[in-house]
Amino acid sequence: MAETRLKTVSMVAWGLLATAAVVFAVIGLVDPDTDAAAWIVEAAVWTIAVTAISLVSVPTPSGSRLSLGIGGVVAGSILMDEITAFAVMVTATASLAWLIQRRIGILMQRSHGDFLGDSLAAVAYATGFVYASQFIDDWAIVDETWSVVAAVTVAGLAWFIARALVAAFVGVERTDLAGRYLWLLALEDWAVVVSILAAGTLFGLTWPVMGGWAFAVAVLPYAFGHLAFERYHSTRITYGQTIRALAQIPEVAGLANRGHSTRTADLAVAVAQELGLHPNDVTELDYAALMHDVGRITLNEPAILRAGYTDEDIARW
């Protein structure tokens, strides 16, 4: 059932993205003010570059992996001359990245839901950037540089919200979880999102002035952040493994039934997720459920044995 739903949603969304790319291309090519050759080259070069970047991902606190392609989309929104070429680049990139994902998805360690959210959110970013830029230019609210930053901020917020909405309510892979829980889980990725958006914005603003040095200015600061996100992810995994190892002590000592702590934690987490609790609370509940019997190891302490305390006494305390 879930696989069928996944294929249906994927086909519909991919079809919409491909259709949007064709529509934007036709609009751009029939515009008499458009240099068709330059327009095609610009859209093609950016599409290839951003698609390549999209194949790189970073782990997020929600447990998913976030594509770096949005950073390329942000840079493209600042540097590309033609709005229609930019729109084609975004939609074509989303379609190509999705096609590649279906071929080598296992190697990329990303789910179809992650790609679906990123692809639709990229279209939301493009729409938000175009309208925000026009509004700011019409009203001459700030100077050119700050107008770009403001437009990227508005569009980035649209991207973030669209991605969270897809994760919460489309439910491609995690249909058994409450929408509120998935929404809150997606919002936990804000730090990674801000880091990628900032790198793309920095590159877009420095390229016209610094040329090739813009790569170092934008990529090096983000690289440190990327390493920090990878280390944070591995640390969380190691911490969880440590908790689970400690939870086995009462069972190995014969003081609790085998698998009791894991079954208790699974049940507690399932209920918490269905209730839509905050992800941090769910994680703490998971660890608490795993460790709830660890105090039983004191039942073998000599002082406890001499005092004659029973399981009922321990439970009451």
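Please read all numbers here as calculations on a predicted model, not as lab measurements.

A.B. asks: Hey, could you run me through the overall build of the protein in this one?
C.D. replies: The secondary structure content of the protein amounts to 14 helices and two strands. Classification of the 317 residues of the protein by burial places 43% in the buried group. At a minimum sequence separation of 6, the contacts of the protein that also span at least 24 residues come to 69%. Counting only carbon and sulfur atoms, one obtains 67% of the accessible surface of the protein, whose full area is about 17200 Å².

A.B. asks: Would you take a moment to explain the packing of helix H9 (residues 213-247) against helix H12 (residues 279-290) for this structure?
C.D. replies: When two helices pack together, their arrangement is given by the angle between their axes and by how far apart the axes lie. Remark: H9 packs on H12, axes separated minimally by 9 Å, with the N-to-C direction vectors making an angle of 25 degrees. Of the possible angle classes, the one that applies to H9 and H12 is roughly parallel. Along the contact surface, H9 presents Arg236, Tyr239, Gly240, Ile243, Arg244 and Ala247, while H12 presents Thr283, Asp286, Tyr287 and Leu290. In terms of residue class, the contact of H9 with H12 is made up of five nonpolar, two polar and three charged.

A.B. asks: Before we go on, may I ask you to explain H9 in this structure?
C.D. replies: In an α-helix, one turn spans 3.6 residues; hence positions three or four apart end up facing the same way. Between the first and last C-alpha of H9 there are 52 Å, a value that for 35 residues agrees with the 51 Å anticipated at 1.5 Å per step. The principal kink in H9, of about 25 degrees, is found at valine 219, preceding the proline proline 221 by one to four residues. Here H9 has its buried residues at Ala214, Ala218, Tyr222, Gly225, His226, Phe229, Gly240, Ile243 and Ala247.

A.B. asks: Where do I start with the pattern of salt bridges in this structure?
C.D. replies: Any two side chains of opposite charge can pair if their charged atoms end up close together. Per the counting criterion, the structure on display carries three salt bridges. Taking the shortest distance from any N to any O, the salt bridge between arginine 65 and glutamate 230 comes out at 3.5 Å. On the criterion of sequence distance, the pair formed by arginine 65 in strand E2 (residues 65-67) and glutamate 230 in helix H9 is long-range, its members being 165 residues apart. With relative accessibility at 16%, the residue arginine 65 sits in the buried group.

A.B. asks: Teacher, can you tell me more about the environment of valine 90 here?
C.D. replies: Of note, valine 90 is situated in helix H4 (residues 83-108). When residues no more than four places from it in sequence are discounted, the contact partners of valine 90 are Val73, Ala122, Val123 and Ala126.

A.B. asks: I keep staring at the environment of methionine 89 and nothing clicks. Help me out?
C.D. replies: Summarising the element assignment, methionine 89 is placed in helix H4. Not counting chain neighbours up to four residues away, the residues in contact with methionine 89 comprise Ala43, Trp46, Thr47, Val50, Val73, Gly76 and Met80.

A.B. asks: Help me understand the side chain of threonine 206 in this model?
C.D. replies: On the secondary structure map, threonine 206 appears in helix H8 (residues 190-210). Threonine 206 has contacts with Gly211, Ala214 and Val217, leaving out every residue within four places of it along the chain.

A.B. asks: Help me out: how do you make sense of the nonpolar core in this one?
C.D. replies: Across soluble globular proteins, nonpolar side chains have a tendency to be buried as a group. In terms of nonpolar packing, the biggest core is built from 38 residues, with Val58, Ile70, Phe86, Tyr125, Trp159 and Ile196 touching the most fellow members. Going through the elements one at a time, helix H2 (36-54), helix H3 (69-79), H4, helix H5 (112-139), helix H6 (144-170), H8 and H9 are the ones with two or more residues in this core. Residues within four places of valine 58 in sequence aside, it is in contact with Ser64, Arg65, Leu66, Leu68, Val192, Ile196, Tyr222, His226 and Phe229. In terms of nonpolar packing, the next biggest core, distinct from the first, is built from nine residues, Ala168, Ala178, Val269 and Val282 among them.

A.B. asks: Sorry if this is basic, but what is going on with the confidence of the model for the protein here?
C.D. replies: Caution applies to low-pLDDT parts of the model: their predicted coordinates are not meant to be read in detail. Confidence along the protein averages 78 in pLDDT terms, with 75% of residues attaining 70 or more. Mean pLDDT in the protein bottoms out at helix H1 (residues 2-30), which sits at 55, and peaks at H12, which reaches 93.

A.B. asks: Help me understand a negative patch on the surface in this model?
C.D. replies: On the surface, Asp137, Asp138, Asp143 and Glu144 cluster together into a patch of negative charge. Along the polypeptide, aspartate 137 turns up in helix H5.

A.B. asks: For this particular structure, what's the right way to read the packing of aromatic side chains?
C.D. replies: Ring pairs (aromatic) are described by centroid distance and by the angle formed between their planes. Scanning the model with the defined rule gives five aromatic pairs in all. Arranged with centres 6.1 Å apart and planes meeting at 15 degrees, the rings of tyrosine 125 and phenylalanine 129 form a pair that is stacked. Of this pair, tyrosine 125 and phenylalanine 129 both sit in helix H5, four residues apart, which is roughly one turn of the helix. Take tyrosine 125: its relative accessible area is 0%, and that puts it in the buried class. The exposure class of phenylalanine 129 is buried, given its relative accessible area of 9%. Where phenylalanine 203 meets tryptophan 207, the ring centres are 5.6 Å apart and the plane angle is 35 degrees; that geometry is what we call tilted. With a gap of four residues between them, phenylalanine 203 and tryptophan 207 both fall in helix H8, about one helical turn apart. Looking at tryptophan 207, the relative accessible area reads 35%, which means it is partly exposed. Connected via pairs of aromatic rings, a cluster forms that spans Phe203, Trp207 and Phe215.

The rules we used
- Residues numbered from 1 in each chain as written.
- Predicted model: local features only at pLDDT ≥ 70, side-chain atom pairs only at ≥ 80, totals over all residues.
- Heavy atoms only, no water.
- Helix = DSSP H or I, 4+ residues; strand = E, 2+ residues; numbered from the N terminus.
- Buried < 20%, exposed > 50% of the residue type's maximum accessible area, 1.4 Å probe, protein only.
- Contact = heavy atoms within 4.5 Å.
- Areas by Shrake-Rupley, 256 points an atom, 1.4 Å probe, with all protein chains shown as cover.
- Axes fitted to C-alpha atoms, helices over the stretch in contact; angles between N-to-C directions.
- Parallel < 35°, antiparallel > 145°, perpendicular 65-115°, else oblique.
- Nonpolar A, V, L, I, M, F, W, Y, C, P; charged D, E, K, R; others polar.
- Expected span 1.5 Å × (residues − 1).
- Bend = angle between axes of the 7 residues up to and from the residue.
- Salt bridge = Lys/Arg side-chain N within 4 Å of Asp/Glu carboxyl O.
- Core = buried A, V, L, I, M, F, W, Y, C linked by side-chain atoms within 4.5 Å.
- pLDDT = per-residue confidence, 0-100.
- Patch = residues over 30% accessible without salt bridge, like charges linked within 9 Å, V, L, I, M, F, W, Y side chains within 5 Å.
- Lys, Arg positive; Asp, Glu negative; His and termini not counted.
- Charge placed at Lys NZ, Arg CZ, Asp CG, Glu CD.
- Phe/Tyr/Trp six-rings, centres within 6.5 Å; stacked < 30°, edge-to-face > 60°.

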